[in-house]
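# Inside the fold
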Amino acid sequence: MATIKQISEMANVSMATVSRVLNKDETIAVSAEVRNKIFDIAHELQYIPPKKRRMKAEKGITIGIADWHIIRKDAHHVKLSDYVGIASRFCTDPVEFKRMTYGEDLQVDGIIALGRFSEEEVLYLKKQSYMILFINSDRQDYKYDRIIMDYNEGLMQMVSYILDEQKYESLGYIGAYYEQDGIVIGKTRHEALVTILKDKNKYQEEQFFIGEFSKQSGYEMAKKAIRANHLAKAVLLGNDQIAEGALEAFEEEGLKVPEDVRVIIYKDIETLRSKYPSYIAIEMFPDFVWETAIKLLIERITGARTETMTVILPSKFCEGKV
């Protein structure tokens, strides 16, 4: 089992410095670079503080979910209890999931981190646990387990289904960009769809609408598309919030789904809970992604696997109801 002495020797700092950094002492005068180095070495050596060893033995496993760039504070949260059943398939110990809030200390054994994170945010995650699994991160190192999402696969399947199988003449888009701390959400899916449609000579710019990540924005863009006569017969709605607003606008304008407009919803972590049942979807993080993430992280937490892994998984196209 790794010791503070080993970490101090590899980091070329004193044992006292290592101890204070690993115990999250913010008063110690060391640079962010040194803190990062200590946490990275601790992760590499799989060091577990005595306090966490006792907590694990007494309370089972606690997994933190960090997704503050995907689920905003004003959005509905995923039900973490849904994943307890998944975890029970891979671990005999009780497993609990807790949502993480940036800057708040949380006693966890491992972390599932969804999306992109700044260096300051990664340092915060390292302070909470050395066992981190990143999903769709832009990190290039192999110090941590990673799941990389192939979003284009789901999009290409959807486009083929709508244009080739269902014979729609065009496919429109009502979506949004969300930007915070240099992290941009929504741009990749928008640009990928444009590229796919251009390759098929089916891209019509006037049928694409970009606004804010909100129900109100989805509502207003849908109204604008209808009144300008630029609403495609089939339209991809960029996320659940956009979908709620756009579907409400369609109903107000007397448009039936799917008879008058075929709706596809690009689903993030949230689950659309609405009165509109007739849609098909692209799931960004389908259940098999969560299953893989939980399995990989529990392997690392329990010591069943010591080497890190990178797994590539596709987004999922779901035909749903028609």
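Remember, predicted model here, so these are calculated numbers, not experimental data.

The next subject is the packing of aromatic side chains. Using the criterion set out here, one finds 8 aromatic pairs in the structure. Between Phe 134 and Tyr 144, the aromatic rings sit 5.6 Å apart at their centres with planes inclined by 80 degrees, giving edge-to-face as the arrangement. In this pair, Phe 134 sits in strand S4 (residues 132-135) while Tyr 144 sits in the loop between S4 and strand S5 (145-150), placing the two residues 10 residues apart along the sequence. The same class applies to Phe 134 and to Tyr 144, which are both buried. Ring geometry for Tyr 161 versus Phe 317: centroids 5.3 Å apart, planes at 55 degrees, classification tilted. A residue pair is termed long-range when its members are at least 10 positions apart, and Tyr 161 in helix H7 (residues 151-165) and Phe 317 in strand S14 (residues 316-318) qualify at 156 residues.

A few words on the confidence of the model for the protein. With 87% of its residues at a pLDDT of 70 or more, the protein shows a mean pLDDT of 83. Within the model, pLDDT remains below 50 along residues 271-276, and this stretch shows 13 contacts once partners closer than five positions in the same chain are excluded.

This next bit is on helix H3 (residues 32-45). Here H3 is 14 residues long and its end C-alpha atoms lie 20 Å apart, about the 20 Å a rise of 1.5 Å per residue gives. Among the residues making up H3, those that are buried are Arg 35, Asn 36, Ile 38, Phe 39, Asp 40, Ile 41, Ala 42 and His 43. Those residues of H3 that are buried are in contact with helix H1 (4-11), helix H2 (15-22), helix H6 (119-128) and helix H11 (287-302).

What follows deals with the pattern of salt bridges. Evaluated as defined, the whole model comprises 14 salt bridges. Taking the shortest distance from any N to any O, the salt bridge between Arg 305 and Glu 299 comes out at 2.7 Å. For the pair Arg 305 and Glu 299, a shared accessibility class is recorded, and that class is buried. Ionic contacts of the salt-bridge type, sharing partners, join the residues Asp 145, Lys 295, Glu 299 and Arg 305 into one network.

Attention now goes to the sheet that holds strand S3 (residues 110-114). Taken together, 6 strands build an open sheet; the order of strands is S2-S1-S3-S4-S5-S13 and the sheet is parallel. A strand with exactly one partner marks an edge of an open sheet, and here the two such strands are strand S2 (95-99) and strand S13 (310-314). Adjacent strand axes in the sheet meet at a mean angle of 20 degrees when their direction is disregarded. Against the sheet, H7 engages S5 and S13, with an angle of about 20 degrees to S5.

Okay, the pairing of strand S11 (residues 262-267) next. Within a regular strand, the side chains alternate between the two sheet faces. A large share of S11 lies buried, amounting to 6 of its 6 residues. Alternating residues of S11 divide into Arg 262, Ile 264 and Tyr 266 and Val 263, Ile 265 and Lys 267, and every residue in both groups is buried. Note that strand S10 (residues 234-237) and S11 share 4 bridges and pair parallel. Across the sheet, Ala 234 pairs through a bridge with Arg 262, a residue of S11. Taken together, S10, helix H10 (residues 240-252) and S11 constitute a β-α-β crossover, and its handedness is right-handed. Summarising the sheet, S11 and strand S12 (residues 280-283) pair through 4 bridges and their orientation is parallel. Bridging from a neighbouring strand, Lys 267 pairs with Glu 283 of S12.

The next subject is the packing of helix H9 (residues 215-227) against H10. Two elements in contact, H9 and H10, have axes whose closest approach is 6 Å; the angle formed by their N-to-C orientations is 40 degrees. By the angle class used here, H9 and H10 are oblique. Seen along the crossing, H9 lies across H10 with a hand that is right-handed. Each of Lys 215, Ser 217, Gly 218, Tyr 219, Met 221, Ala 222, Lys 223 and Ile 226 in H9 lies in contact with H10, whose residues at this interface are Gln 241, Ile 242, Glu 244, Gly 245, Ala 246, Glu 248, Ala 249, Phe 250 and Glu 252. For the contact of H9 with H10, the class distribution of residues is 8 nonpolar, 4 polar and 5 charged.

To continue, consider the environment of Ala 42. The topology assignment puts Ala 42 in helix H3. Linking Ala 42 and Ala 2, residues 40 residues apart in sequence, is a C-alpha distance of 8.0 Å. Setting aside residues no more than four positions away along its own chain, Ala 42 makes contact with Ile 7, Leu 22, Tyr 47 and Tyr 130.

What counts as what
- Residues numbered from 1 in each chain as written.
- Predicted model: local features only at pLDDT ≥ 70, side-chain atom pairs only at ≥ 80, totals over all residues.
- Heavy atoms only, no water.
- Phe/Tyr/Trp six-rings, centres within 6.5 Å; stacked < 30°, edge-to-face > 60°.
- Helix = DSSP H or I, 4+ residues; strand = E, 2+ residues; numbered from the N terminus.
- Buried < 20%, exposed > 50% of the residue type's maximum accessible area, 1.4 Å probe, protein only.
- pLDDT = per-residue confidence, 0-100.
- Contact = heavy atoms within 4.5 Å.
- Expected span 1.5 Å × (residues − 1).
- Salt bridge = Lys/Arg side-chain N within 4 Å of Asp/Glu carboxyl O.
- Pairing = 2+ DSSP bridges.
- Axes fitted to C-alpha atoms, helices over the stretch in contact; angles between N-to-C directions.
- Right-handed = clockwise from strand over helix to strand, strands pointing away.
- Parallel < 35°, antiparallel > 145°, perpendicular 65-115°, else oblique.
- Left-handed = near helix turned anticlockwise from the far one by under 90°.
- Nonpolar A, V, L, I, M, F, W, Y, C, P; charged D, E, K, R; others polar.

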